[in-house]
Amino acid sequence: MKLTCIYCKTEEFEQGRGSEEHAVLSSLGGRKASKSICCQKCNTALGNEIDEPLTEGLRILSTFLGVVTGRGKDAATLKSYGTHNDKKFDLLPGGRVQQSKVKIDREIDKENGVANISVSARNLEEAKNLLEQQMKSFGKSVKDFKFGEITERIEYPESISGTLDLGLVSQHRSIAKSALTYIATMISPERLRSGCFYQIIEYIVGDIEDLELAKMTTVKFPASPHISDAQHRIIISASSERKIAIGLVELFGGLKFKVILTDCWEGPDLQKGYAVNPLNGEQVEHVDTVNLNNDHWNDETSNLNEEEYKDMMCKVFGVAYGHHVRLERERIISEITQDFCKEYGGKDFTDELKMMLSSRIAKAIANSIYKVDENRKISQDEFEIT
Ligand SMILES: [Zn+2]
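Residues numbered from 1 in each chain as written. Predicted model: local features only at pLDDT ≥ 70, side-chain atom pairs only at ≥ 80, totals over all residues. Heavy atoms only, no water.

- The protein chain has the name HNH endonuclease 5 domain-containing protein in an unreviewed UniProt entry, where Sinobacterium norvegicum is given as its organism.

Written as structure tokens, this is what we have:
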């Protein structure tokens, strides 16, 4: 069966052979998609015009949490998000920070034929390579080093500053598209094109501006489906009696939007919810278990006040920070345990060794919580340049 693209209303494609349109944006970790909605041209154009501003506005959360996109790509590294001791730091997927650039200082004392080289790199391996390059430029190797001091330093930038950008009309249009895409996966292509979604389609393509069709909301969302604290969800509810179909969209477990899909619904009652965990792609779908109360149907005319907006942001950043702390703790414990095994592996795990391991872990975790810089002298043996 040939279908017409719902957005341009001109391009045609076979059912199931249109452009792949994700319900929750793939860039935010969404997986569920439909190929019976629109053409490639409209998908690309709307992607640039409305999905990109939403992706960009939420980028700090995606990177901080380490979202894996629906197409299996890691979240972007955010460049120069913090500074410390005149060095810039990048924010890596999962919330780790890393010095943005390596730093090399050379001082050459021609009279005495001596060069002082200082290298500040992101890890030992990189430091070694840089030093080797520097020595080569003098026609020497690292073995010719007269005197060297190597310090492993763990540093934290004073602050990480990024912007979470929400509230643009284009972003709301993208959220409306998410709800429409999800309902499209549960109704026939004919019903999607029957005219009842005329208004929301016009809104998505930008032909009408209606601030009531898709907006942030404070109404309590149903508890299920639930898959993760950082989940994205879309819940659809359509009522044959009220003749309304609405979509509730939740991003990162706390940013909540309500979309009025149509107020001339002629179809049956529908209740369905989809949840995806953007951290690992796990997803779940619930049918007929989503019960909405009256608050969800009633039209709220006012916008979120400052207090409500703040609550919403606190919830989302609380989830992101909690997840980051858990990840960091796991990473620290595994790194220290690995180093410890290299050093003491094969020996009896005496009380003394147990104490040593646990105190190393405790110190590293405390340092990471309180952002205490650490210095550790590394011997030339360990650096392997003797
Ligand atoms: Zn089209």
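Resuming the write-up.
### Considerations on the pattern of salt bridges
Where charged atoms from two side chains of opposite charge come close, those side chains can pair.
(1) Moving on: Within the structure shown, the criterion is met by 22 salt bridges.
(2) Moving on: For Asp51, the salt bridge goes to Lys177, with nearest N and O atoms at 2.9 Å. Of this pair, Asp51 sits in helix α1 (residues 40-57) while Lys177 sits in helix α4 (residues 169-184), and the two are 126 residues apart along the sequence.
(3) Moving on: Look at Lys177 and you get buried, because its relative accessible area is 2%.
(4) Moving on: A salt bridge links Glu343 to Arg360; its shortest N-O distance comes to 3.3 Å. Within this pair, whereas Glu343 is found in helix α8 (residues 306-344), its partner Arg360 is found in helix α9 (residues 351-369), the two being separated by 17 residues in sequence.
(5) Moving on: The class of Arg360 is partly exposed, set by a relative accessible area of 30%. (Salt bridge = Lys/Arg side-chain N within 4 Å of Asp/Glu carboxyl O. Helix = DSSP H or I, 4+ residues; strand = E, 2+ residues; numbered from the N terminus. Buried < 20%, exposed > 50% of the residue type's maximum accessible area, 1.4 Å probe, protein only.)

### Points about the packing of aromatic side chains
Each aromatic ring pair is characterised by the separation of its centres together with the angle its planes make.
(1) Moving on: Following the criterion strictly, the structure yields four aromatic pairs and no others.
(2) Moving on: The interplanar angle of 40° and the centroid separation of 5.8 Å between the aromatic rings of Tyr182 and Tyr274 together place this pair among those described as tilted. One end of the pair, Tyr182, is in helix α4; the other, Tyr274, is in strand β16 (residues 270-276), and 92 residues separate them in sequence.
(3) Moving on: Taking the centre distance of 6.5 Å and the plane angle of 70° together, the rings of Phe340 and Phe349 count as edge-to-face.
(4) Moving on: Relative accessible area serves as the criterion here: at 47%, Phe349 is assigned to the partly exposed category.
(5) Moving on: Put simply, the rings of Phe340, Tyr344 and Phe349 pair up and form one aromatic cluster. (Phe/Tyr/Trp six-rings, centres within 6.5 Å; stacked < 30°, edge-to-face > 60°.)

### Some details on a nonpolar patch on the surface
(1) Moving on: A cluster of nonpolar residues, Ile369, Tyr370 and Val372, forms a patch on the protein surface that exposes about 340 Å² of accessible area.
(2) Moving on: Residue classification places Ile369 among the partly exposed positions, given a relative accessible area of 49%. (Patch = residues over 30% accessible without salt bridge, like charges linked within 9 Å, V, L, I, M, F, W, Y side chains within 5 Å. Areas by Shrake-Rupley, 256 points an atom, 1.4 Å probe, with all protein chains shown as cover.)

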